[in-house]
Amino acid sequence: MKSKNELRHTYRAKRCQLSIARETVLNSMLLNQFMKIDLSKVNLLHVFIPIEKYHEPNTYAIINYVQEFHPQIKIAVSRSNFEDYSMKHYLFDKQMRFEKNAWGISEPTSGAEVAPSDIDMVLVPLLIFDLFGYRVGYGKGFYDRFFSQCKVDVQRIGLSFFEPIDVITDRNEHDVQLSQAVTPYHIYHFVNE
């Protein structure tokens, strides 16, 4: 069994070893799986902007899909505060301007702010997840703090290039369980503990 730190290191390396061609195929497959998710009760969808240097899943494809086939759904994106590990959320639009922060993450420079309590579904970045719906992220706790501000029934959808491991052994009381996880091959559903 590996600790979160070991899993973080292993799966960050695995993602970085993917060829551009393989990553393109996996992103296409991930989008095809995401298209099976029921969005009928979603009014506001929070989407993370992928960190290219970490080879995160291409959420721009999901944004384009939602805008084309579910134009009634509004999309929110975030700006991170690395001093207190909080995030502010803004309505996404085509004219939105982005700039890279010190960590190389593209973030909105302005926009109409939205409250976390208004968000119905959150696409969650992760490195790996387990069969119980717990995830290993980058270790800063941004999303776990964010989830505590969301409504209780917000849907938390993890996106992963990799299938789950059996169990994350060193999870703690601050870790928040996913509702679902989408991989290129499957959609996993989790019963909240």
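Right above here is the structure, for reference.
Anyway, here's the lowdown on the structure attached to this text.

1. Looking at the overall build of the protein chain
1) Next: When its secondary structure is counted, the protein chain shows 4 helices and 12 strands.
2) Next: Dimensions of the protein chain, computed from C-alpha atoms along their principal axes, come out at roughly 45 × 35 × 35 Å.
3) Next: Buried positions account for 49% of the 193 residues belonging to the protein chain.
4) Next: Within the protein chain, contacts between residues at least 6 apart in sequence are counted, and of these 68% link residues at least 24 apart.
5) Next: Of the roughly 10,100 Å² that the protein chain leaves accessible, carbon and sulfur atoms contribute 51%.
6) Next: Taken together, the 22 basic and 23 acidic charged side chains of the protein chain have centroids lying 3 Å from each other.

2. A short note on the layout of surface pockets
1) Next: Taken as a whole, the largest pocket holds about 720 Å³ of empty space.
2) Next: Along its surface, the largest pocket is lined by 34 residues, and Arg135, Tyr138, Lys140, Phe142 and Tyr143 are the ones closest to its centre.
3) Next: Those elements that provide at least two residues to the lining of the largest pocket are α1 (4–16), β2 (74–81), β5 (106–108), β9 (135–136) and α4 (142–149).
4) Next: For the lining of the largest pocket, the element with the highest residue contribution is α4, accounting for 4 residues.

3. Describing helix α3 (residues 59–69)
1) Next: By the burial criterion, the buried members of α3 are Thr59, Ile62, Ile63, Tyr65 and Val66. Within α3, the buried residues cover an arc of 165° as seen down the axis, which keeps them to one side.

4. Comments concerning the nonpolar core
1) Next: Within the largest apolar cluster, 56 residues are counted, with the highest numbers of intra-cluster contacts made by Phe34, Leu39, Leu45, Val66, Val122, Leu123 and Tyr143.
2) Next: In this view, leucine 45 contacts Val66, Ile73, Lys74, Ile75, Ala76, Met121 and Leu123; residues no more than four positions away in its chain are not counted.

5. Some words on empty space enclosed by the protein
1) Next: Taken as a whole, this structure holds 1 cavity of 30 Å³ or more when the rule is applied.
2) Next: Approximately 30 Å³ is the volume found for the largest cavity.
3) Next: Counting only elements with at least two residues in the lining of the largest cavity, the list comes to α2 (20–34) and α3.
4) Next: In terms of residue count, the dominant contributor to the lining of the largest cavity is α2 (3 residues).
5) Next: Taken together, the residues of the lining of the largest cavity sort by class into 5 nonpolar, 2 polar and no charged.

6. Details of the pattern of salt bridges
1) Next: Applying the stated criterion across every chain yields a total of 6 salt bridges.
2) Next: A salt bridge links aspartate 175 to lysine 4, with the nearest nitrogen and oxygen atoms 2.6 Å apart. Of the two residues, aspartate 175 is situated in the loop between β10 (155–159) and β11 (180–182) and lysine 4 in helix α1; the sequence distance between them amounts to 171 residues. Comparing aspartate 175 with lysine 4, the two get one shared label, buried.
3) Next: For arginine 79, the salt bridge goes to glutamate 107, with nearest N and O atoms at 3.9 Å. Taken together, the residues arginine 79 in strand β2 and glutamate 107 in strand β5 connect sequence positions 28 residues apart.
4) Next: For glutamate 107, a relative accessible area of 3% puts it in the buried group.
5) Next: Shared partners join several salt bridges into a network, and the residues in it are Arg79, Glu99 and Glu107.

7. Brief notes about the packing of aromatic side chains
1) Next: On inspection of all chains with the given rule, the structure shows 12 aromatic pairs.
2) Next: Taken together, a centroid distance of 5.8 Å and an interplanar angle of 65° make the contact between tyrosine 143 and phenylalanine 146 edge-to-face. Residue tyrosine 143 and its partner phenylalanine 146 are located together in helix α4, separated by 3 residues, close to a single helical turn. Taken individually, tyrosine 143 and phenylalanine 146 each receive the classification buried, so the pair is uniform in this respect.
3) Next: Measuring from centroid to centroid gives 6.0 Å for phenylalanine 146 and phenylalanine 147, while their planes differ by 25°, and the two rings are stacked. Neither phenylalanine 146 nor phenylalanine 147 differs from the other in exposure class; each is buried.
4) Next: Taken together, the ring pairs in this structure connect Phe34, Tyr65 and Phe69 into an aromatic cluster.
5) Next: In this structure, arginine 12 is placed above the aromatic ring of tyrosine 54, and the distance from its NZ or CZ to the ring centre is 4.8 Å.

Cut-off values and rules
- Residues numbered from 1 in each chain as written.
- Predicted model: local features only at pLDDT ≥ 70, side-chain atom pairs only at ≥ 80, totals over all residues.
- Heavy atoms only, no water.
- Helix = DSSP H or I, 4+ residues; strand = E, 2+ residues; numbered from the N terminus.
- Buried < 20%, exposed > 50% of the residue type's maximum accessible area, 1.4 Å probe, protein only.
- Contact = heavy atoms within 4.5 Å.
- Areas by Shrake-Rupley, 256 points an atom, 1.4 Å probe, with all protein chains shown as cover.
- Lys, Arg positive; Asp, Glu negative; His and termini not counted.
- Charge placed at Lys NZ, Arg CZ, Asp CG, Glu CD.
- 1 Å grid on protein atoms, 1.4 Å probe; cavity = no way out; pocket = protein on both sides within 12 Å on 5 of 7 lines; lining within 4 Å.
- Points joined across faces, edges and corners; volume = space filled by probe spheres on them.
- Arc of directions from axis to C-beta.
- Core = buried A, V, L, I, M, F, W, Y, C linked by side-chain atoms within 4.5 Å.
- Nonpolar A, V, L, I, M, F, W, Y, C, P; charged D, E, K, R; others polar.
- Salt bridge = Lys/Arg side-chain N within 4 Å of Asp/Glu carboxyl O.
- Phe/Tyr/Trp six-rings, centres within 6.5 Å; stacked < 30°, edge-to-face > 60°.
- Lys NZ or Arg CZ within 6 Å of the ring centre and 35° of its normal.

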